[in-house]
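Listed here are the chains, written in short residue letters.
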Amino acid sequence: MATVRHVFMLDYVADILGEHPDLIDAIVSNDDNLTYDSIISVSFAPDDTRTALTDDGIDELRDMITTARRSPDEWDQFLEDFVDDPDVIKTVKAQPAG
């Protein structure tokens with residue numbers, strides 16, 4: 001694996017991918033959903049840690065979402081598999097595809 005020189009905060013990743021930030025957060029909240037070393041924890045203070053993604057993590061997430069959006073049934077199943085909160089699912093479904 002190449003040396004990671006920069007990472008992207010999740011809100012910015014959502015902007016890059018044109019997706020709702022809650023969807024990105026739901027997928028990334030389980031670090032088993034992306035390849036090891038794609039998700040980085042950034043500490044700002046002892047009690048202030050945020051999640052970021054590497055370039056590879058963004059590519060992997062983009063591929064995952066693109067594949068899931070191939071059909072409405074696949075998209076619905078993807079949301080059920082990766083998002084635990086019904087309100088987030090409703091919000092994501094209401095947003096136009098990225």
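It should be noted that the structure appears before, not after, this text.
Source: prediction; values computed, not measured.

A word on the nonpolar core. Core analysis: the biggest nonpolar cluster contains 24 residues, and Leu-23, Ile-24, Leu-61, Ile-65 and Phe-78 have the highest contact counts within it. The set of elements that each furnish at least two residues to this core consists of helix 1 (10-17), helix 2 (21-28), helix 3 (55-68), helix 4 (72-82) and helix 5 (86-94). The residues touching Ile-24, leaving out its near neighbours within four places in the chain, are Leu-10, Val-13, Ala-14, Leu-17, Glu-19, Leu-61 and Ile-65.

Attention now goes to helix 3. Taking 1.5 Å of rise per residue, the 14 residues of helix 3 would be expected to cover 20 Å, and the 20 Å separating its terminal C-alpha atoms lies within 8% of that figure. By the burial criterion, the buried members of helix 3 are Gly-57, Ile-58, Leu-61, Met-64, Ile-65 and Ala-68. The buried side chains of helix 3 occupy one side of the element, clustering within an arc of 130° when seen end-on. Exposed side of helix 3, more than 90 degrees from the buried face: Asp-63 and Thr-66 are the residues found there. Looking at the buried side of helix 3, the elements it contacts are strand 1 (8-9), helix 1, helix 2, strand 3 (48-53) and helix 4.

Before going further, it helps to spend a moment on the pattern of salt bridges. Enumeration over the complete set of coordinates arrives at five salt bridges. With a closest N to O distance of 3.2 Å, Arg-62 and Asp-59 form a salt bridge. Remark: Asp-59 and Arg-62 occur in helix 3; sequence separation between them is three residues, near one turn of the helix. Judged by its relative accessible area of 37%, Asp-59 falls in the partly exposed class. Across the pair Asp-76 and Lys-93 runs a salt bridge, and its minimum N-O distance is 3.2 Å. Within this pair, whereas Asp-76 is found in helix 4, its partner Lys-93 is found in helix 5, the two being separated by 17 residues in sequence.

What counts, and where the lines are drawn
- Residues numbered from 1 in each chain as written.
- Predicted model: local features only at pLDDT ≥ 70, side-chain atom pairs only at ≥ 80, totals over all residues.
- Heavy atoms only, no water.
- Core = buried A, V, L, I, M, F, W, Y, C linked by side-chain atoms within 4.5 Å.
- Buried < 20%, exposed > 50% of the residue type's maximum accessible area, 1.4 Å probe, protein only.
- Helix = DSSP H or I, 4+ residues; strand = E, 2+ residues; numbered from the N terminus.
- Contact = heavy atoms within 4.5 Å.
- Expected span 1.5 Å × (residues − 1).
- Arc of directions from axis to C-beta.
- Salt bridge = Lys/Arg side-chain N within 4 Å of Asp/Glu carboxyl O.

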